[in-house]
Amino acid sequence: MKQEFNDFNPEEDSPVAVTFQRADEKTENVLRPQYLEDFQGQAQLKENLSVFIKAARERGEALDHTFLIGPPGLGKTTLASIIANEMHSELRMTSAPALDKPKDLAGILTNVTENSIFFIDEIHRLKPALEEMLYIAMEDFEIDWVIGQGPSARTMRIPLPRFTLIGATTKAGSVSTPLSERFGITGHLEYYNDEELKKIVLRSADILSCRIDDEAASLLAHCSRGTPRIANRLLKRLRDFADVMKGGCIDTDIVRYGLDKLGIDSNGLEKQDRAILRTIIQFYQGGPVGADTLSISVGEAVETLEDFYEPYLIQQGYLKRTPRGRMVTRKAYDLLNIEYNGGSTDADQGLLF
Ligand code: ADP
């Protein structure tokens, strides 16, 4: 599909909604690993990426377009900046909701440089017209630009430098097939295990000059929902408790005390996780219940429910997604000390929908 950019001038319009940075510049987040060797976990993905990066670098080509899929906080943005660093490339970052009109995207695309990386976060939220522009940009490295209107309109094809698009999403199912098929590399990020998270905690503690003992790091890792962002956030909060109460060193007492104050249990579940499970049991006889109904019942946006809470509850075996809605498992009853009565019957399930 041709895009109309009557009001867009690639010479004058500066790219909007884009944060521009050189990949080797210090990023805002000091805890973000800069190179693959500092990136913990995701072993297979890391190994594959290092081969693809090395091959592209040796051939002097741009890396193939890369699609990163996984729940929030697992390292998609971090990997994009690592890829840029490893490729010695320039990095431009934006997020799909920030791109409103075709000219927003055209402004960025016409400013990318040869072999650079263009990162679009939440790519599943890209508007259809922009998505179609991206197809041609990804495949043919050009965009169609319509000048004028009506019968006098003419199309200009603007060639683009060969660049790498890195698209990240928490919802692979919401990305259209034509878009996902145009990525040559696809990486699924999985939740981290305790050992990997512990290494992340110890590395972050080192960077933040914060003392934490080995056992405390293990406990903190175990309560971080398999997610580095949460591990880092908890570390910073526990450092606050330690600074105020224990002269700065985080030990297991501080971890237990701090997590309790933050409403996080020994399984890493937050108050809202438990509220979600309890609501399904108490109001919907264990489910199934649809996401919209559940989101109203627990007062949480559907997106947050689906992208943040549910994946971890499912991965931990507390929740199941069925064609008829969400259902809790026996494990959820045990967690909440609620007597298991076999869950809802098929007849109940039918009534709920
Ligand atoms: P996403 O883009 O998937 O939401 P980010 O890339 O923003 O997640 O990661 C969140 C934070 O977690 C980053 O600031 C980074 O410090 C940390 N992080 C993520 N993955 C790793 C990893 N594999 N090793 C070390 N730190 C990580």
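Everything below is about the structure printed above this text.
These figures come from a predicted structure and were not determined experimentally.

Student: I'd like to hear about the packing of helix α7 (residues 214–222) against helix α9 (residues 252–261), residue by residue, with values.
Tutor: The packing of two helices is summarised by the inter-axis angle and the distance between the axes. One can describe the packing of α7 onto α9 by two numbers: an axis separation of 8 Å at closest approach and a directional angle of 25°. Judged by the angle between their axes, α7 and α9 are roughly parallel. From α7, E215, A216, L219 and L220 reach across to α9, where they touch T252, V255 and R256. Of the residues contributing to the contact of α7 with α9, the split by class is 4 nonpolar, 1 polar and 2 charged.

Student: Quick one: what's the story with the site of the ligand, residue by residue and with numbers?
Tutor: Residues in contact with the ligand amount to 18 residues; listed here are only the nearest, N29, G73, K76, T77 and T78. Measuring from an oxygen atom of the ligand, one finds a backbone N or O atom of G73 at 2.8 Å. N232 is positioned with one of its side-chain polar atoms (N or O) 3.4 Å from an oxygen atom of the ligand. When the ligand sits alone it has 560 Å² of accessible area, and the protein chains cover 96% of it.

Student: Tell me about the pairing of strand β4 (residues 90–95), and name the residues and values.
Tutor: The buried fraction of β4 is high, at 6 of 6 residues. Residue alternation in β4 divides its side chains into two sets, E90, R92 and T94 and L91, M93 and S95, and both sets are buried. Relative to strand β5 (residues 117–121), β4 runs parallel, the two sharing 5 bridges. Following the sheet pairing, L91 is matched in β5 by I117. Running through helix α3 (residues 102–109), the crossover from β4 to the neighbouring parallel element β5 is right-handed.

Student: An account of helix α4 (residues 128–140) is needed here, citing residue identities and associated values.
Tutor: If you check α4, its first and last C-alpha atoms are 18 Å apart, about what 13 residues at 1.5 Å a residue would give, namely 18 Å. What α4 keeps buried is the set L130, E131, M133, L134, Y135, I136, A137 and M138. Directly after α4, the chain includes F141, whose backbone phi takes a positive value near 55°.

Student: An account of the packing of aromatic side chains is needed here, citing residue identities and associated values.
Tutor: Enumeration over the complete set of coordinates arrives at 6 aromatic pairs. Residues F141 and F163 carry aromatic rings whose centres are separated by 5.6 Å and whose planes lie at 85° to one another, so their mutual orientation is edge-to-face. In this pair, F141 is assigned in the loop between α4 and β6 (142–147) and F163 in the loop between β7 (154–159) and β8 (164–169), connecting sequence segments 22 residues apart. Just as F141 is buried, F163 falls in that class too. Ring centres 4.8 Å apart and planes at 85° place the aromatic pair F308 and Y309 in the edge-to-face group. Above the ring of Y135, the side-chain terminus of R182 is found at 4.4 Å from the ring centroid.

Student: Give me the lowdown on helix α6 (residues 194–207), citing residues and values where you can.
Tutor: The end-to-end C-alpha separation of α6 is 20 Å, in line with the 20 Å expected for 14 residues at 1.5 Å each. Taken together, the buried positions of α6 are occupied by L197, K198, I200, V201, S204 and A205. Around the axis of α6, the buried residues are gathered within 160° of arc, so they sit on the same side. What points out from α6, more than 90 degrees from its buried face, is the exposed set E195 and D206. Next to the buried residues of α6 lie β10 (211–212), α7 and α8 (228–245). Near the N-terminus of α6, the side chain that reaches the backbone nitrogen of E195, with its oxygen 3.1 Å away, is that of N193. Backbone geometry just after α6 places S209 at a positive phi near 50°.

Student: Would you mind going over the state of the cysteines in detail, with residue names and values included?
Tutor: All chains considered together, the criterion is met by 0 disulfides. Free cysteine C249: the closest other cysteine sulfur is in C210, separated by 8.2 Å. Among the residues examined, C249 registers a relative accessible area of 25% and is labelled partly exposed.

Student: So what about the pairing of β7? Which residues, and what values?
Tutor: Side-chain direction in a regular strand flips from residue to residue, so the side chains alternate between the two faces of the sheet. The sheet contact formed by β6 and β7 spans 6 bridges and is antiparallel. For E142, the partnering residue across the bridge sits in β7 and is P159. Here β6 folds back onto β7 in antiparallel fashion, the turn holding 6 residues, of which G148 has a positive phi close to 80°.

Student: Account for the pattern of salt bridges, with residues named and values stated.
Tutor: Evaluation of the coordinates by the stated rule reveals 19 salt bridges. As a salt-bridge pair, R157 and E142 come within 2.4 Å of each other at their nearest N and O atoms. You can see R157 sitting in strand β7 and its partner E142 sitting in strand β6, a full 15 residues away along the chain. A relative accessible area of 44% means that R157 is categorised as partly exposed. When the shortest N-O distance is used, the salt bridge between D214 and K198 registers 2.9 Å. With D214 in helix α7 and K198 in helix α6, this pair connects stretches of sequence that are 16 residues apart. Residue D214 is classed as partly exposed on the basis of its relative accessible area, which comes to 48%. The exposure class of K198 is buried, given its relative accessible area of 18%. Among the ionic contacts, a cluster of salt bridges with common partners joins K171, E306, D307, E310, R321 and R326.

Reading the values: rules and limits
Residues numbered from 1 in each chain as written. Predicted model: local features only at pLDDT ≥ 70, side-chain atom pairs only at ≥ 80, totals over all residues. Heavy atoms only, no water. Axes fitted to C-alpha atoms, helices over the stretch in contact; angles between N-to-C directions. Helix = DSSP H or I, 4+ residues; strand = E, 2+ residues; numbered from the N terminus. Parallel < 35°, antiparallel > 145°, perpendicular 65-115°, else oblique. Contact = heavy atoms within 4.5 Å. Nonpolar A, V, L, I, M, F, W, Y, C, P; charged D, E, K, R; others polar. Near = heavy atom within 4 Å. Polar contact = N/O pair within 3.5 Å; in protein donor to acceptor, adjacent residues only side chain to side chain. Areas by Shrake-Rupley, 256 points an atom, 1.4 Å probe, with all protein chains shown as cover. Buried < 20%, exposed > 50% of the residue type's maximum accessible area, 1.4 Å probe, protein only. Pairing = 2+ DSSP bridges. Right-handed = clockwise from strand over helix to strand, strands pointing away. Expected span 1.5 Å × (residues − 1). Phe/Tyr/Trp six-rings, centres within 6.5 Å; stacked < 30°, edge-to-face > 60°. Lys NZ or Arg CZ within 6 Å of the ring centre and 35° of its normal. Arc of directions from axis to C-beta. Disulfide = S-S within 2.5 Å. Salt bridge = Lys/Arg side-chain N within 4 Å of Asp/Glu carboxyl O.

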